[in-house]
Amino acid sequence: MIKKLPIFVVMNAKAYLLITVFLLSCAISSMAQDKSVGIINSAAGFGLTGQWVVGEGDEMNNVNLCLDTYGMLSGRSKVPGVALSYTRDYLFKYIIFEHFDLIAHAGAGAMAGYVKDYEKGVFDSPRESFKEEMGWAVGLCGTLGIILDYDRNISLGFNLNAIAGIHIRQESYAKNIKLSLYKNGIINSMMPRICVMYRF
């Protein structure tokens, strides 16, 4: 025989359950406003981006996974490269407007990828393939940008990203290993990147 619980025990259990659900929903919603994911696009390539605020709310982790389309617009390459970068950005300016908030950020981090590097005359002879092979690029990167946070959980980001690194590749004809400055890391810093993100 199942014994019926006293009414005050049932009411207390329901109250605790409601309080727990309320606190969890508040915690999730407060965490959600600090995270965003979206797409990133520029003349150098496109990909995915993720951002989340850390610390006292004045720092932000920024992770980008992008396809490097260097040489594809000129027809000299059919295979994109891929690059992963991470920066820890400081949110140094916050301005509240009527319909959006403006956040200025800057930071530094690291980058690694399997990409092609700059070659002179990339647009001069579109039928010719690259002289150098695709290789590994690693280096330190820095970013400077702004984020526009709109009311409907949509954010727009505009930033510049510079990479100081090296490019390691193997020669196709001699099979020797070549190491050089990653020139596209500096050239691409002049190409603004546009991010469209959803805050959750």
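Refer to the preceding data block for the structure.
Residues numbered from 1 in each chain as written. Predicted model: local features only at pLDDT ≥ 70, side-chain atom pairs only at ≥ 80, totals over all residues. Heavy atoms only, no water.

When you go through the chain residue by residue, the secondary structure sums to two helices and nine strands. When the helices and strands of the chain are listed from N to C terminus, the series reads α-β-β-β-β-β-β-β-β-α-β. The buried share of the chain, taken over its 200 residues, is 37%. The contacts in the chain between residues at least 6 apart in sequence include a share of 58% that link residues at least 24 apart. Counting only carbon and sulfur atoms, one obtains 69% of the accessible surface of the chain, whose full area is about 12800 Å². (Helix = DSSP H or I, 4+ residues; strand = E, 2+ residues; numbered from the N terminus. Buried < 20%, exposed > 50% of the residue type's maximum accessible area, 1.4 Å probe, protein only. Contact = heavy atoms within 4.5 Å. Areas by Shrake-Rupley, 256 points an atom, 1.4 Å probe, with all protein chains shown as cover.)

Further remarks concern the nonpolar core. Counting eight residues, the largest nonpolar core consists of I40, M60, C66, L91, I103, I147, C195 and M197. Apart from the residues lying within four places of it in its own chain, the contact partners of C66 are I40, F46, G47, G81, V82 and A83. One finds M111, V115, C141 and I163 within the second-largest nonpolar core, a separate group that totals seven residues. (Core = buried A, V, L, I, M, F, W, Y, C linked by side-chain atoms within 4.5 Å.)

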